[in-house]
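Letter by letter, the chains look like this.
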Amino acid sequence: MNRLPSPDDLLILLTVARLGRFNAVAETLGTTHTTISRRVLALDKQLGGRTLERSPHGWELTELGSQAVAAAEAIEATLGSLTGAIRNGGDSLSGLVRISTSDGFGAEFVAPALVRLQQDNPLLNVEMLSATRKVSQNRSGVDLEVVVGRTEVANAQTIFLTNYFLRLYAGPQYVTVRGLPATLDEIREHGFVSYVESALQVAELGHRSSQLPAPKSSFQATSVFAQVEAVRRGGGIGLLPNFMVADDPDFVPVLPELFQRQLPIWAVARPESLRSAQVQAVIDALKAEVAGRREILAA
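Quantities reported herein were computed from a predicted structural model and do not represent experimental measurements. (Residues numbered from 1 in each chain as written. Predicted model: local features only at pLDDT ≥ 70, side-chain atom pairs only at ≥ 80, totals over all residues. Heavy atoms only, no water.)

Could you clarify how one ought to interpret the overall build of the chain in this entry?
When helices and strands are tallied, the chain shows 11 helices and 11 strands. With the C-alpha coordinates of the chain rotated into their principal frame, the extents come out at 85 × 45 × 25 Å. Residue burial in the chain is summarised as follows: out of 299 residues, 48% are buried. For the chain, the share of sequence-separated contacts (at least 6 apart) that also reach a separation of at least 24 residues comes to 76%. As displayed, the chain has an accessible area near 14400 Å², and 51% of this comes from carbon and sulfur atoms. (Helix = DSSP H or I, 4+ residues; strand = E, 2+ residues; numbered from the N terminus. Buried < 20%, exposed > 50% of the residue type's maximum accessible area, 1.4 Å probe, protein only. Contact = heavy atoms within 4.5 Å. Areas by Shrake-Rupley, 256 points an atom, 1.4 Å probe, with all protein chains shown as cover.)

The structure is reproduced here in structure tokens:
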């Protein structure tokens, strides 16, 4: 009689299905790319066929691989329930969940949501990667992406989280020295703080796509936190997320009746990740965080 497939190898295949990259799987499991490849090949041999195939977007499951992943998900759910019952006397999430998110929204909303989730599930480990980028067309090496702007991606589901506004702000010191523009056209006489356009993947966050006039000088940074500090310290007028600076006396609204830009924020995950209890819990936590703080997003 053929030997049953290894549960460990099935769980490795499940992780590959979620993350899509052997290197990311190796980092998550604390092993090497070579070991992951060897274990998947061993599973293929046990099952009598290939479980994965390469595509332009990374590793994708074959029909056999989908059947194997269904079995792996059942194993994962059983082990998770057992672990929670033994250690906490009840249900509890465990394992590792990896999330990528833009740095500003990540710090203000994602991190608090994840901390509360982890407090309720002390066996859950979290890796949060900051990256202001478009949704990845390839397997991204994370369980969940939180992205800004348009989402056009195959083989993944997009979940709307919220809208927020980009508005113009200046620091009090800058206003005292330079004054405020009376019209949008007068912005060309001022310094401007924004993202580094040449490195920006989300065009809607940048100055060029805003239809504002070219400024006299610019301070560009890849980090929104650096932009916030540059505006605070008099570096110029900045195009900033309202949830980071609204109602802060260090930031003076500039032409609030004439300019603002509304952008959506989405959670994006592959089908295999969405079936993960950890990922579903993260999505629920993000929705709860947003719902509880809608006033700061609309300010």
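After that view, the rundown keeps rolling.
Could you clarify how one ought to interpret helix 7 (residues 224-232) in this entry?
Each α-helix winds once per 3.6 residues, and so residues spaced three or four apart point in a common direction. The complete set of buried residues in helix 7 reads Val224, Gln227, Val228, Ala230 and Val231. Seen from one end, helix 7 has its buried residues packed into an arc of 160 degrees, which puts them on one side. On its buried face, helix 7 is in contact with helix 5 (103-120), strand 6 (157-170), strand 7 (191-194), strand 8 (217-220), strand 9 (237-241) and helix 8 (242-245). Near the N-terminus of helix 7, the side chain that reaches the backbone nitrogen of Phe225, with its oxygen 3.1 Å away, is that of Ser223. Directly after helix 7, the chain includes Gly234, whose backbone phi takes a positive value near 90 degrees. (Arc of directions from axis to C-beta. Polar contact = N/O pair within 3.5 Å; in protein donor to acceptor, adjacent residues only side chain to side chain.)

Help me understand the pattern of salt bridges in this model?
As a working rule, side chains carrying opposite charge can pair if their charged atoms are close by. Summed over all chains, the structure comprises 11 salt bridges. Between Asp185 and Arg188 there is a salt bridge, with its nearest N and O atoms 2.7 Å apart. By relative accessible area, which is 45% here, Asp185 ends up partly exposed. The exposure class of Arg188 is partly exposed, given its relative accessible area of 36%. By sharing partners, the salt bridges in this structure join Glu229, Arg232, Arg233, Asp248 and Asp250 into a single network. (Salt bridge = Lys/Arg side-chain N within 4 Å of Asp/Glu carboxyl O.)

Hey, could you run me through the pairing of strand 9 in this one?
Two faces, one strand: in a regular strand the side chains alternate between the faces of the sheet. Among the five residues of strand 9, five are classified as buried, and the element is accordingly described as predominantly covered. Alternating positions in strand 9 separate into two faces, Ile237, Leu239 and Pro241 on one and Gly238 and Leu240 on the other, with burial throughout. Sheet analysis places strand 6 next to strand 9, joined by four bridges and oriented antiparallel. The residue of strand 9 that forms the bridge with Leu166 is Pro241. Of the pairings in the sheet, the one linking strand 7 to strand 9 comprises two bridges and is parallel in character. Across the sheet, Val193 pairs through a bridge with Gly238, a residue of strand 9. (Pairing = 2+ DSSP bridges.)

What is the right way to read the nonpolar core from this model?
When a protein is soluble and globular, its nonpolar side chains tend to lie buried together. Core analysis: the largest hydrophobic core is formed by 56 residues, its most contacted members being Phe105, Leu144, Tyr164, Leu168, Leu205, Val282 and Leu286. For Tyr164, the residues in contact, after removing those within four places along its chain, are Val148, Leu205, Pro241, Asn242, Phe243, Arg261, Gln262, Leu263, Ile265 and Leu297. Membership of the second largest hydrophobic core comes to 20 residues, among which are Ala26, Ile36, Leu52 and Val69. (Core = buried A, V, L, I, M, F, W, Y, C linked by side-chain atoms within 4.5 Å.)

Would you explain the side chain of Arg98 in this entry?
Turning to its location among the elements, Arg98 is positioned in strand 3 (residues 94-101). Within the structure, the side chain of Arg98 is placed 2.8 Å from the side chain of Glu127, a separation counted as a polar contact. Excluding anything up to four places from it in sequence, Arg98 contacts Leu19, Ala24, Glu27, Thr28, Glu127, Gly141, Val142, Asp143 and Leu144.

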